[in-house]
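# Residue-level structure breakdown
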Amino acid sequence: MNLIICFTPLQVLIAERIIDLHPNEKFYGVMYNRHPSEKQTYYYHRLARKCAQTQLVYGSGASNKLQAYREMLKLLIKSYKLPSVKTIFIASLDLIDIHFLIHRFSNATIKTFDDGTLNLSPIAFERMMDKQGGGLQRILNLVLKIPSVQDLRNRSVQHYSIYKQPNVMGETTYIELFSKSDLIGQTKSSTRTRKVFLGQPIHELTDPSGEASKKVTEYVVDIYSIQEYLPHPREPYKVEGVEYITTPLIAEDYFLQELRKSAETSFHIYTFCSSAILNLQHIPRLTFTAIKPNKCPEFLKEAYNAIEIAGIEVVELAMD
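An account of the accompanying structure is given in this report. (Residues numbered from 1 in each chain as written. Predicted model: local features only at pLDDT ≥ 70, side-chain atom pairs only at ≥ 80, totals over all residues. Heavy atoms only, no water.)

Looking only at helices and strands, the protein features 11 helices and 13 strands. Across the protein, contacts joining residues at least 24 apart in sequence account for 68% of those joining residues at least 6 apart. (Helix = DSSP H or I, 4+ residues; strand = E, 2+ residues; numbered from the N terminus. Contact = heavy atoms within 4.5 Å.)

Listed below in structure tokens is the structure:
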């Protein structure tokens, strides 16, 4: 039995490809639900279709922390009923309560996979490592031998990546995010181009209210005459002057679905620096523009650098 742990819908897409690479092995899937939403539930069921057993866990980032730790305790108890776990596949290494679960299978091999564009950002990864150096982590490591982020990084024998750029995990095994059955054909000509903005609360760390993110988003929607908006799950605001797309699908799946519906439709996708455009860049009938505001948060600059390296257009945006 292998254990595969996912935290985001994108990680479920990557997990599906990893599971496909091991057709003769059984997987126990865990979906770690920090921000409960329709999308999280949808992708949990996607993961369940690929696994022999699954469990949805409400993590310590959930609003009800008592429930979160109760759910983790239930998972730990259930883990004792599992057969021996041979390999643990995990993307996000920085959540302490998941470290308890990994410690439960201390002899298992660790293999990692991408946590979005964090894997292309050495600065962001080192910032995450610094946060893990606190007193609680040291106590857990010394007294209970609970592994740290660096321990898990050192134990990883293989890293699966959907990117061909340098990775913070070092040497990688490249995997395609989409299977052959997912691929969309190119048409001779498109008769309709839909302009869609991918939402992203780029100022959420400095302005949790969302007003700063809303202001710059509405400005971009207006100057580029964008008609449709695919919101980010963490947005606490409503963007005016644009039609919202309501779907349980993340961008990667949504655009593939829409391209299949109509061979004459193409999309021009605008965003700030969503990793989705890196993941979709080779899909026919999709073009991209990444908007970089002049007041862009410093920690996002590496994401823009990765987008430029991938050959995607980045447009500087001056705002008052």
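After presenting the structure, the write-up continues.
A word on the nonpolar core. One finds Ile4, Phe113, Phe255 and Leu286 to be the most contacted residues of the largest nonpolar core, which totals 73 residues. In terms of residue count, the dominant contributor to this core is helix α1 (residues 9–20) (seven residues). Dropping the residues within four chain positions of it, leucine 286 is found in contact with Phe255, Leu259, Phe267, Ile269 and Leu280. Within the second largest apolar cluster, 24 residues are counted, among which are Val57, Leu75, Leu93 and Ile102. (Core = buried A, V, L, I, M, F, W, Y, C linked by side-chain atoms within 4.5 Å. Buried < 20%, exposed > 50% of the residue type's maximum accessible area, 1.4 Å probe, protein only.)

The periodicity of an α-helix, 3.6 residues per turn, causes residues three or four places apart in sequence to face the same way. The end-to-end C-alpha distance of helix α8 (residues 211–223), which contains 13 residues, comes to 19 Å, matching closely the 18 Å that a straight helix rising 1.5 Å per residue would cover. Among all positions of α8, only Ser213, Lys214, Val216, Thr217, Val220 and Val221 are buried. Along its buried surface, α8 packs onto β8 (192–198), β9 (228–230), β12 (286–293) and β13 (313–317). Serine 225 sits one or two positions beyond α8 and adopts a positive phi of about 50°. (Expected span 1.5 Å × (residues − 1).)

What follows covers the pairing of β13. Relative to β13, β12 is paired through five bridges, and the arrangement is parallel. Following the sheet pairing, threonine 289 is matched in β13 by glutamate 313. Between the parallel pair β12 and β13, the chain is carried across by helix α11 (residues 301–309), and the sense of this crossover is right-handed. (Pairing = 2+ DSSP bridges. Right-handed = clockwise from strand over helix to strand, strands pointing away.)

With that settled, the discussion passes to unusual backbone geometry. Phi is positive for serine 225, which is not a glycine, with a value near 50°. Relative to the elements of secondary structure, serine 225 occurs in the loop between α8 and β9. For serine 225, a relative accessible area of 47% translates into the label partly exposed. One non-glycine residue, arginine 285, lies in the positive phi region at around 70°. Along the polypeptide, arginine 285 turns up in the loop between α10 (276–280) and β12. The class of arginine 285 is buried, set by a relative accessible area of 9%.

Here we take up the sheet that holds β12. An order of β10-β9-β8-β11-β12-β13 is seen for the six strands of this open sheet, with the pairing classed as parallel. The open sheet has two free edges, formed respectively by β10 (243–244) and β13, since each of these has just one partner strand. Of the strands in this sheet, β8, β9, β12 and β13 are in contact with α8, which crosses β13 at around 110°. Running at roughly 145° to β12, α11 makes contact with β12 and β13 of the sheet. (Axes fitted to C-alpha atoms, helices over the stretch in contact; angles between N-to-C directions.)

Read across the sheet, seven strands follow the order β3-β2-β1-β4-β5-β6-β7 without closing on themselves; strand pairing throughout is parallel. The open sheet has two edge strands with one neighbour each: β3 (53–57) and β7 (173–174). Sheet analysis places strand β5 (residues 109–113) next to strand β6 (residues 156–161), joined by four bridges and oriented parallel. Residue phenylalanine 113 lies in a different strand from β6, and its bridge partner there is tyrosine 160. This element, α1, spans β1 (2–6), β2 (27–32), β4 (87–90), β5 and β6 of the sheet and lies at about 155° to β1. Across the face of the sheet, helix α2 (residues 38–50) comes into contact with β1, β2 and β3 while running at roughly 175° to β2.

For lysine 86, the position within the fold is in the loop between α3 (65–79) and β4. Looking at lysine 86, the relative accessible area reads 47%, which means it is partly exposed. Along the sequence, lysine 86 and threonine 109 sit 23 residues apart, while their C-alpha atoms lie 6.3 Å from each other. Lysine 86 has contacts with Met1, Asn2, Glu25, Ala108 and Thr109, leaving out every residue within four places of it along the chain. Polar contacts involving the side chain of lysine 86 include one to the side chain of glutamate 25, which spans 3.4 Å. (Polar contact = N/O pair within 3.5 Å; in protein donor to acceptor, adjacent residues only side chain to side chain.)

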